[in-house]
Amino acid sequence: MKAFPTNRSEGMDLRDYFAAKAMQGMMADHTRDNYVEEIAEHAYKIADAMVKVRKERSYDQTQG
């Protein structure tokens, strides 16, 4: 599923959007640069969980 599709662009993956939002929150309270990769990995774990719950609970309106 894509976030923000337009007639000129298919948009970004919803997973990437969720990860960006999760990482934004984590980085707001982040002071050390040496944990950036760990934060990115954790953000995608959160995004994957959000996508999974969305599918399981039928929040995705494109699925039947």
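Rules and cut-offs
Residues numbered from 1 in each chain as written. Predicted model: local features only at pLDDT ≥ 70, side-chain atom pairs only at ≥ 80, totals over all residues. Heavy atoms only, no water. Axes fitted to C-alpha atoms, helices over the stretch in contact; angles between N-to-C directions. Helix = DSSP H or I, 4+ residues; strand = E, 2+ residues; numbered from the N terminus. Parallel < 35°, antiparallel > 145°, perpendicular 65-115°, else oblique. Left-handed = near helix turned anticlockwise from the far one by under 90°. Contact = heavy atoms within 4.5 Å. Nonpolar A, V, L, I, M, F, W, Y, C, P; charged D, E, K, R; others polar. Salt bridge = Lys/Arg side-chain N within 4 Å of Asp/Glu carboxyl O. Buried < 20%, exposed > 50% of the residue type's maximum accessible area, 1.4 Å probe, protein only. Phe/Tyr/Trp six-rings, centres within 6.5 Å; stacked < 30°, edge-to-face > 60°. Core = buried A, V, L, I, M, F, W, Y, C linked by side-chain atoms within 4.5 Å.

**Some thoughts on the packing of helix 1 (residues 14-28) against helix 2 (residues 36-56)**
Look at helix 1 against helix 2: their axes get within 8 Å of each other, and the N-to-C directions meet at 130°. By the angle class used here, helix 1 and helix 2 are oblique. The handedness of the crossing between helix 1 and helix 2 comes out as right-handed. Of the residues in helix 2, those in contact with L14, R15, D16, F18, A19, A22, M23, M26 and M27 of helix 1 are I39, A40, H42, A43, Y44, I46, A47, D48, M50, V51 and R54. Classifying every residue of the contact of helix 1 with helix 2 gives 15 nonpolar, one polar and four charged.

**A closer look at the pattern of salt bridges**
The tally for this structure, following the rule as stated, stands at two salt bridges. We note a salt bridge from K52 to E56, for which the minimum N-O separation is 3.9 Å. Within this pair, K52 and its partner E56 are both found in helix 2, separated by four residues, close to a single helical turn. Owing to a relative accessible area of 54%, E56 belongs among the exposed residues under this scheme.

**Some points on the packing of aromatic side chains**
Scanning all chains against the criterion turns up one aromatic pair. Relative to F18, the ring of Y17 has its centre 6.3 Å away and its plane inclined at 45°; by these criteria the two rings are tilted. Accessibility expressed as a relative area gives 13% for F18, which makes it buried.

**Concerning the nonpolar core**
When a protein is soluble and globular, its nonpolar side chains tend to lie buried together. Among the nonpolar cores identified, the biggest contains seven residues, and these are A3, L14, F18, A19, A22, A43 and A47. Among the elements of the structure, helix 1 and helix 2 are those that each provide at least two residues to this core. Ranked by the residues each element gives to this core, the list is headed by helix 1, at four residues. Ignoring any residue separated from it by four or fewer positions in sequence, one finds A43 in contact with A19, A22, M23 and M26.

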